[in-house]
Each structure stands twice: as C-alpha cells, then as structure tokens.
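Observations on the three-dimensional arrangement
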Amino acid sequence: MLRIYVFISLMCLVRSDTDETCPSFTRLSFHSAVVGTKLNVKLMLYTRRNLTCAQTINSTVLGNLNVTKKTTFIVHGFRPTGSPPVWIGDLVEGLLSVEDMNVVVVDWNRGATTVMYHHASSRTKDVANILKEFIDQMLAEGASLEDIYMIGVSLGAHISGFVGKMYDGQLGRITALGYKESLGNIDFYPNGGLDQPGCPKTIFGGLQYFKCDHQRSIYLYLSSLRENCTITAYPCDSYRDYRNGKCVSCGIPQKESCPILGYYADHWKDYLKEKSPPVTKAFFDTAEEKPFCIYHYFVDIITWNKNVRRGSITIKLRDKAGSTTESKIDHEPATFQKYHQVSLLARFNQDLDKVAAISLMFSTGSVVGPKYKLRILRMKLRSLANPERPQLCRSLWFPSDLAELRELSEVLRDYRKEHQAYVFLLFCSAYLYKQCFAIPGSSFLNVLAGALFGPWLGLLLCCVLTSVGATCCYLLSSMFGKQLVVSYFPDKVAPLQRKVEENRNSLFFFLLFLRLFPMTPNWFLNLSAPILNIPMAQFFFSVLIGLIPYNFICVQTGSILSTLTSLDALFSWGTVFKLLAIALVALVPGTLIKKFSQKDLHLNGTSNANHLNSRKHT
C-alpha cells in the first residue's frame, strides 16, 4: 500500500566506518534474526559522482554531501531474514537519474533484523533520534528543511514520521511506502488497496504470498522514476466510485492535471494547500507486470434495446499494425436502458496511438440463462492520459451487408417513432454524401429506404435523392475532376464519348438506355458526363427516370424484408410471389427502351467499349 506525504522529509545519522573503501548494506542471516541484534545505524551517501560506491557519513563527517542540494533519505523497514532489500540499488539509481541530489541510505539492519516484529518496532524512535542529530548538523552547515525528503518503507515510514514530528512538520516531504493507514496529505490506493494483480492469491504461492502485495508499493514508486511509465491517480471518495468513472475530472479545473504517483506526486502540493483539510485519497489500477502502467479511457455507451440489460462488457482495441489490447469492465454489472447514456472507466494495458477498430462484447454472466445482444446506438472513447487525442467513436454506420442493414433499419425505425424529422434528415444527408462523391453502395440505402419509409414514399425519396446526388457529382466533376477522369481513365472515356456523339440526336434516350442497361457503371457515367458535354438538364432527368426500375426493386425489397420476422419467412410463397411481381414490373420500362433503341440508337460495338465493371453502382 502506497502513501505519500507531500510536505515532510527527513535525514538520518550513522556511525562512520572509514575502514570500508566501498561500504555495502549490512548483510545478516536468519540466525541473527532468531538470536536478535543490537541497534547499529549506518548512513551511506550516494551522489552522481559516486553512483556505484557509497561513502559512509555521520553527524561529524558529512563527506561529499552538498547541503545546497536536495537530500533524500531511504529508510527500510522490518527485516525478518536479515537480507538486504533487493530494491535499494534500483531506488538509488532511479533517484539520481531524475535529479542531481544527495541520496542517503539508512542502514539499520542491525536492529530491524529479528523474527519479533515488536522488537524492531520498539527501535524506530531510537533511529529517528539518530537521524535528527544528523539533520541538525546539516542545518548547521547551511542545509534547508525544505530540501530534505524522506522515503520510508514499512517501519521506515514510522521512523520518517517521527523525524517529521520532531521538526513540527517542516520537512520538505515524506513518502511512506507499504503502509496501510491513511497518513499523508495525499494517500494513494493501488487497485483499491487490497490484493494486487500478479501476486499469489493463496499460500501455495510460497514466500511471495506474504510479501508481494506489501512490496508492490515500492515497485510502483520505482516505475515513476522511469520515463516510459507515468501512473495517473484519481482523487475519489471510494474505489467503487473511481471504477464507476465518477472521479475522472480529479475535482479540479480542466487546466490542472490529476496527481501523478510516486516521485512527482508533490506537483499537487500547491492544490492541496488550498484544501481544508489539505488531505485527499487517490485511486488507480495497475497491470500485473512491470512497469505496471494502465491507460485509462472514459467510455460512453448509448443502447437501444427495448428491455433493460445488465451485465459486463469487454472492449477490444486494434491498431493499424494489428496490435490489440482489451479492457474488461466487470467489477459490477452495468445497467443499460434504452437511449440512456452509460459512462464507464475502461483500463488498457497498452496505449495504442492509432486505433483502427473497436469491438465490444457483452455478457450477462449467466451460464444457463438466455444470451442477450446489446444493441449499440453510439459508443465513444476518450483517452484520459492523452486528452488531446481525437475521440474514438462508433455511431450510426453505412451497412456493408444484409445483417448490418437489418440491424440499422431496426435502430432507425425505432428511433423514428420519436424523432421522425431527424431520421429523415440523417437519411437524406447520408444518401447525398454517397452520391455526390461517387461512393458505391447506395443499393443498401435504397433497401433501407423501403424498410424505413415504406414502398412508395421510399421510392419517391430515392429517385429524387439519386438525381440530386448524381447532379452534384456532375457539378463537382465539371469544376474539379475533368483532368483527373481523363488522366486515370483515358481508354474508357474515348469509346464512351464516341457513342455519345453518334447518338447526339437521341441523346436523352441513349442516356436512359445506359441507366437501364449499365454497360458503364453509374458512378463513372456521373463523373464523365461533363467531359462528354451532356447537358445537365438531360443528365438530371435521365437519372430520375432511368433508375426508377432499379430503385423500385431495391425499395420494394427493403419494404418486404423489413416485415420478415425470421429467415424462413423469406422463402414463403407470399414473399416469393411479391418479389417476382416486382421484377416483372421493373422489366417493362427496360423492354420499351430496348425496343426503341433497336430502331433509333447506334449501339453497335458498344459492348467493346465496356472496359469497366458492369455492376450497377449509384
């Protein structure tokens, strides 16, 4: 458990051992822990000048300690086996890598090594007194209390607190690691302060079962000294409120950032001074492995299920390189109601910069019960760590297959009951967008029109939108696209231009023929029409009339499919006869135009000009 004091710090005293060239941390055995040891405090100074070789100092010999610089004391805790703390060297190196300072390791292993915890605890005040004597000497040499920083681990936190009290809380800062109770101006609770991810859950995990959770705070602090891991914490009343996304603003103006775990936690000092009392709790989650970073996203979800759905969700992100990361939000069931926004806090192990795809899986958690589908109307993710990044959104979409088409039509039909004008405007905008920029796939929108607006209003709407959209494409091509079309499709423009000139006297009927029997895709005809000197009026009405059969088939199909309740109903005799009737009606205009074309249009060799995909795109 990690706790950080923002305004206190301390220093300590040691007996010097000048006989050691490079003094090392006292190493004892388990035997020493059983028989007990007398208190002996040794102070070892590290600076950037002697990063790998400590210098023994005491209240009479300050050695290379520079009193004008910050001095950080590292005070270890209870040592039941007598071995040196494995993290001491990494912590010294990390501190000196981020700032030029004095680092003093307080070695009181002789005194902390015992199998009786209360024996070690009873010696903490004695160690604190020795440290006060040393700090007094530093102050006499010109040091400042504001420049003294103490990092205490477990019982070392007790010692640091005693020293801070001796100076009436005037030390620069105290950080207490591995301590459970609320102590500081800001107290950090990783994973709620309980079991830590990656630590053994049962005694079968061996010695790690007893010390892993306790030591995690030290390794989290070490992560704050590395450039590749910045752990953000969120001030909150409880871990539950944090997990439910109620504290992502940190309770401060947007210009202020949330507190950072570890070494840079004192950046929040000025804000805390303004609080009364100047204390707060901050929660955060971690990954299972070093460097333990978790990247937070705030996710907003709006669903359109008719019935309330309760369950957990898993969000998966994939970037353009194929890397994936996922977040399970399952700490408690989320409740999804129709058209109500649910806001949750998602946590990912990786920070994907350029996300290409978002997927969501919903689970009720029931093994034997029915499985429900969560129908998403809109999902939005925004990065809390990098708020400047664009938000990741998934809302209404262009359907790419019949399954998506049916799902989209259900969403819009249901929404249209309360927002008819909005759905109408949305459909028209989407249709014109695809037509204006010659984007294939309008057939799906024709089918959708039948499902949303019925067979006749849908047909009228599609015919008008097709004509208006194609004319917009005509105008855009006329102003900006002539050179591009000729440059990219020279072999396709020339034959088409020749046929247009051959049928200039019957141009309107020739254009109708091309729409009914598309030897040239409609999107290409829309783009090339200005190059072929086709008058805009004839172009507009040829699209309006010529695509009526095609639009009629699509719209009627959508109208029929929207009434089906199952796949079996698609093959009923009634549905089959309706679709056959639609096909026969649509053939009548084509037959008449083809009969006329045989008499008055010049079409010989037209098939040879067909260098494009003959599929119809509108």
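With an unreviewed UniProt entry as reference, the protein is termed Lipase H, source organism Rhinolophus ferrumequinum.

**Quick look at the pairing of strand 8 (residues 186-190)**
Side-chain direction in a regular strand flips from residue to residue, so the side chains alternate between the two faces of the sheet. Of all 5 residues making up strand 8, 5 are buried, and the element is well covered by its neighbours. A two-sided burial pattern is seen for strand 8, the buried positions comprising I186, F188 and P190 on one face and D187 and Y189 on the other. Sheet topology places strand 8 next to strand 10 (residues 280-284); 5 bridges connect them, and they run parallel. When the sheet's bridge partners are listed, I186 is paired in strand 10 with T280.

**Observations regarding the packing of aromatic side chains**
To describe a pair of aromatic rings, you give the distance between the ring centres and the angle between the ring planes. The tally for this structure, following the rule as stated, stands at 21 aromatic pairs. An angle of 90° between the planes, with centres 6.2 Å apart, marks the rings of F73 and F134 as edge-to-face. A residue pair is termed long-range when its members are at least 10 positions apart, and F73 in strand 4 (residues 71-75) and F134 in helix 5 (residues 124-140) qualify at 61 residues. F134 carries the same exposure label as F73, and that label is buried.

**Some details on the pairing of strand 5 (residues 102-108)**
Most of strand 5 sits inside the fold, with 7 of its 7 residues counted as buried. Of the two faces of strand 5, both are covered, the one formed by N102, V104, V106 and W108 as well as the one formed by V103, V105 and D107. Bridge count for strand 2 (residues 40-46) against strand 5 is 5 bridges, and the pairing is antiparallel. Directly across from L43, in strand 5, lies its bridge partner V106. Note that strand 4 and strand 5 share 5 bridges and pair parallel. Looking at the pairing, T72 lines up with V103 of strand 5. In this fold, strand 4 hands off to helix 2 (residues 88-98), which returns the chain to strand 5; that crossover is right-handed.

**Brief notes about the sheet that holds strand 13 (residues 324-336)**
On the basis of which strands lie adjacent, the open sheet formed by 3 strands has the order 13-12-15 and antiparallel pairing. Strands at the two margins of the open sheet, each flanked by one partner only, are strand 13 and strand 15 (355-363). On average, adjacent strands in this sheet sit at an angle of 20° to one another, irrespective of strand direction. Where strand 12 (residues 309-319) meets strand 13, 9 bridges bridge the pair, whose relative direction is antiparallel. By the bridge assignment, T314 is partnered in strand 13 with K328.

What counts and how
Residues numbered from 1 in each chain as written. Predicted model: local features only at pLDDT ≥ 70, side-chain atom pairs only at ≥ 80, totals over all residues. Heavy atoms only, no water. Buried < 20%, exposed > 50% of the residue type's maximum accessible area, 1.4 Å probe, protein only. Helix = DSSP H or I, 4+ residues; strand = E, 2+ residues; numbered from the N terminus. Pairing = 2+ DSSP bridges. Phe/Tyr/Trp six-rings, centres within 6.5 Å; stacked < 30°, edge-to-face > 60°. Right-handed = clockwise from strand over helix to strand, strands pointing away. Axes fitted to C-alpha atoms, helices over the stretch in contact; angles between N-to-C directions.

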